[in-house]
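# What the coordinates show
Each chain, written out:
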Amino acid sequence: MLSKVSVISGKASEELARKLSRKLKANLVKSEVRVFADGESKITLKGTISKRKSVIVQSIYPPVDTNLVQALSLISKAKEKSSEVIAVIPYMGYARQDREFLPGEIITMRVLGKLFKGAGASKIIAVDIHSMIGLKHFNIITKNVTAIPDLVKYFKKLRLKSPLVVSPDQGGKDRARDFAKEFGTEYIALQKKRDRRTGKVQIKTKNVDEVVNRDLILVDDMISTGGSIIKATQFLKKQKCKRVFVACTHALLMNDAEKKIRKAGVSRIVSTNTIPGKTSIVDVSNTIAKAII
Ligand code: R5P
């Protein structure tokens, strides 16, 4: 008998969709994708979609626009069959484009809001979205769930020496606070400055005595070029901390970011399976399932 819920797996999130379908006791509908020479995606769904409820799972990591169009196509197809379509976008690409930082900049999150709604999504679920401001541009029900408890569970198993949680910037202060609270320790937030035109980052904090001889957990929502983590680690090492660990939800690790982060002195990078990869060892399917049930 067909389950009341179908989980439709996007190509970008196959493992997470499979795990989620098991947690929800839903039937899994896989997608087969052929990318034409010109870059177009040709998607074929393999399975029967529930009339009642579909949950599509597709992260929007590189190739960002391809994965976005695939997500929209899956939503649209699901809406032809199901009365309710929940779009789980574990990593929400474009979430950093939530404001007009410089005159003339387009708020792409506003565009995404229109696209998801137009395609037929009734609800959007994201994991540790860069900022809640992004979801305010959406005109449908949204929910952001956090992977912090899942990440903390992993870190509690490590033998850390008087651990301190550090945010590389003031924007991540609340995230560091929540992580530290769950972990049962203290936190600090550094001052980071990013040049809006070049994207280059600098750490503006002068001295932090709290870090001396302690193991640090640098907490961030995402790592892209690795610039923020590298600059923060170089600064913290100069302040005579012990080991530096990185906990992040979304590890994009573009180009040789991982190598550069390790070279800066990071002992371990731990991320979640919102983006598949070598460092993505923490599973968030349970956390997402709880938001759907
Ligand atoms: C910025 O505010 C974010 O929270 C991340 O710190 C940033 O997007 C990471 O990007 P990158 O790895 O390129 O520094």
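Above this text sits the structure in question.
About the thresholds
- Residues numbered from 1 in each chain as written.
- Predicted model: local features only at pLDDT ≥ 70, side-chain atom pairs only at ≥ 80, totals over all residues.
- Heavy atoms only, no water.
- Salt bridge = Lys/Arg side-chain N within 4 Å of Asp/Glu carboxyl O.
- Buried < 20%, exposed > 50% of the residue type's maximum accessible area, 1.4 Å probe, protein only.
- Helix = DSSP H or I, 4+ residues; strand = E, 2+ residues; numbered from the N terminus.
- Pairing = 2+ DSSP bridges.
- Axes fitted to C-alpha atoms, helices over the stretch in contact; angles between N-to-C directions.
- Contact = heavy atoms within 4.5 Å.

A side chain with one charge can pair with a side chain of the opposite charge if their charged atoms come near. Under the definition given, this model contains 15 salt bridges. Put simply, arginine 99 and aspartate 98 hold a salt bridge, and the shortest N to O gap is 3.0 Å. A residue is classified by how much of its surface remains accessible, and arginine 99, at 35% relative accessible area, is partly exposed. Here lysine 192 ties to aspartate 169 by a salt bridge, and the two come within 2.8 Å at their closest N and O atoms. With lysine 192 in strand β10 (residues 192-194) and aspartate 169 in the loop between β8 (164-167) and α6 (173-183), the pair connects residues that are 23 residues apart, well separated along the chain.

Another aspect to go through is the sheet that holds strand β13 (residues 244-251). Taken together, the 6 strands give an open sheet; going across it, the order is β9-β8-β12-β13-β14-β15, and neighbouring strands pair in parallel fashion. Each edge of the sheet is formed by a strand with only one pairing partner; in this case those strands are β9 (186-189) and β15 (280-282). With strand direction ignored, the average angle separating the axes of adjacent strands in the sheet is 35°. Bridge analysis of β8 against strand β12 (residues 216-223) gives 3 bridges, and the strand direction is parallel. Bridge assignment links valine 165 to a residue of β12, and that residue is isoleucine 217. Running at roughly 145° to strand β14 (residues 266-272), helix α5 (residues 148-156) makes contact with β12, β13, β14 and β15 of the sheet. Contacting β12 and β14, helix α8 (residues 257-264) runs over the sheet at an angle of about 140° to β14.

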